[in-house]
Structure formats: structure tokens, C-alpha cells
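# Architecture at a glance
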Amino acid sequence: MDTALVGAMSAVVGSLVGGSASVATTWMAQKTLNRREVLREELRKREALYGEFIGECAKLFMDAFTHELEKPETLLPVFALINRIRLCSSRKVLAEAERLLGRITDQYFANNMTVEDLRKLAHTEQADPLSAFGEACRAELKALRGGV
């Protein structure tokens, strides 16, 4: 075989290998970047959902401490949020959300609290009924951030 032909074939093969490596590297980098962006968007979505749920539950707890449940539809927004949580969250987060709804409902059917009762409650370990849900959310979000 002619040396010029061997040299030309080596150059062509080298270009193909180099080009293929470049294409593969770019494809892998883009795939990783796309995955990270999807995870970031999922984090934003869950943070907003959990924040909305916490806000709604806090409002309902304050109402439940001092009122009876006059209109069952008062609980409708939190039921809707739990079902949105059910679509994307871990079992632990969903279980804590459902437990929280149970506590709110129970509180509506318990005796109303006075301002003094609320002051005493504020100094107990049960003062923040939302803490277990918040901790479950934080653990889930931390695990998701590990993939970003």
C-alpha cells in the first residue's frame, strides 16, 4: 500500500474518531445539563407547593383553635393541596400532610381555646404542629438537591 494512501486514511480515521468523541462529549454534557434543569424545576415546584400547604394549614390551625367547623368547604383548599402533594411527593411527606389534616380536623371538633390556652400551648413541645411536615419536606428537598 502506498504511504500517502495510508497517511490519508489515518487522517480520515483520526478525524472521524476525534469528531465522534467531540459529539459524544457534547451530547453527554447536554444530557446532564438538561437533567439538572429538570431537577431544579422540580425543586422549585415542590418548594412552592409545600409553602402553599404550610400557609394554608397555619391559617386553618389558627381558625380551628378558636372556632368550630361551620362550613366543611373551609377544608377544601387543604384537600386540594394534599392531592397535589400526592402526585409528586414522597410517602413520608404525604403521610405528614395527611396527619396534619387530621390534626386540623380534630382541632375543629375539640373545645375552642382561649387566649390563655394559646399562650400555654406556645410554651409546649406541641406548639408547632407543622414542624414534622416541614422536616419531612426539608429531607425530601435535600435528597433532590443531591441530584442537582
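Residues numbered from 1 in each chain as written. Predicted model: local features only at pLDDT ≥ 70, side-chain atom pairs only at ≥ 80, totals over all residues. Heavy atoms only, no water.

## A look at the overall build of the chain
Secondary structure summary: the chain contains five helices and zero strands in total. Put simply, the chain runs from its N terminus to its C terminus through helices and strands in the order α-α-α-α-α. Sorting the 148 residues of the chain into buried and exposed places 26% on the buried side. Intrachain contacts of the chain at a sequence separation of at least 6 include 81% that bridge at least 24 residues. As displayed, the chain has an accessible area near 10000 Å², and 61% of this comes from carbon and sulfur atoms. (Helix = DSSP H or I, 4+ residues; strand = E, 2+ residues; numbered from the N terminus. Buried < 20%, exposed > 50% of the residue type's maximum accessible area, 1.4 Å probe, protein only. Contact = heavy atoms within 4.5 Å. Areas by Shrake-Rupley, 256 points an atom, 1.4 Å probe, with all protein chains shown as cover.)

## What to know about the nonpolar core
Tyr50, Phe53, Ile85 and Phe133 are the most contacted members of the largest nonpolar core, which has 30 residues in total. If you list the elements that add at least two residues to this core, you get α1 (3–66), α2 (76–88), α3 (91–108) and α5 (131–145). With 10 residues, the top contributor of residues to this core is α1. Among residues more than four places away in sequence, those in contact with Phe133 are Tyr50, Phe53, Ile54, Ile85, Val93, Glu96, Ala97, Arg99 and Leu100. (Core = buried A, V, L, I, M, F, W, Y, C linked by side-chain atoms within 4.5 Å.)

## Topic: the side chain of Glu56
Counting through the fold element by element, Glu56 comes out in helix α1. If sequence neighbours within four positions are ignored, Glu56 has contacts with Pro77, Val78 and Leu81.

## A word on the pattern of salt bridges
Tallied over the entire structure, the rule returns 14 salt bridges. Glu37 is the partner of Arg40 in a salt bridge, and the nearest nitrogen-oxygen pair spans 4.0 Å. Of this pair, Arg40 and Glu37 both sit in helix α1, separated by three residues, roughly a single helical turn. Arg40 sits in the partly exposed class, given a relative accessible area of 34%. Classification of Glu37 as partly exposed rests on a relative accessible area of 40%. Each of Glu37, Arg40, Glu41 and Arg44 takes part in salt bridges that share partners, so that together they form one network. (Salt bridge = Lys/Arg side-chain N within 4 Å of Asp/Glu carboxyl O.)

## Overview of α2
Residues of α2 that are buried: Val78, Leu81, Ile82, Ile85 and Cys88. Viewed along the axis of α2, the buried residues span an arc of 130°, placing them on a single side of the element. Away from the buried face of α2 by more than 90 degrees, exposed residues Leu76 and Leu87 are located. (Arc of directions from axis to C-beta.)

## Some points on the side chain of Glu140
Within the element layout of this structure, Glu140 appears in helix α5. In this structure, Glu140 is in contact with Arg46, Tyr50, Ser89, Ser90 and Val93, ignoring residues within four places of it in sequence.

## Structural notes on the packing of aromatic side chains
Summed over the entire model, instances satisfying the criterion amount to three aromatic pairs. Measuring from ring centre to ring centre gives 5.9 Å for Tyr50 and Phe133, while their planes differ by 85°; the resulting arrangement is edge-to-face. Here Tyr50 is found in helix α1, whereas its partner Phe133 is found in helix α5, with 83 residues between them in sequence. Here Tyr50 matches Phe133 in class, with each residue buried. Aromatic pair Phe61 and Phe65: ring centres 5.7 Å apart, planes at 35°, arrangement tilted. Placement of the pair is Phe61 and Phe65 together in helix α1, with a separation of four residues, close to one helical turn. (Phe/Tyr/Trp six-rings, centres within 6.5 Å; stacked < 30°, edge-to-face > 60°.)

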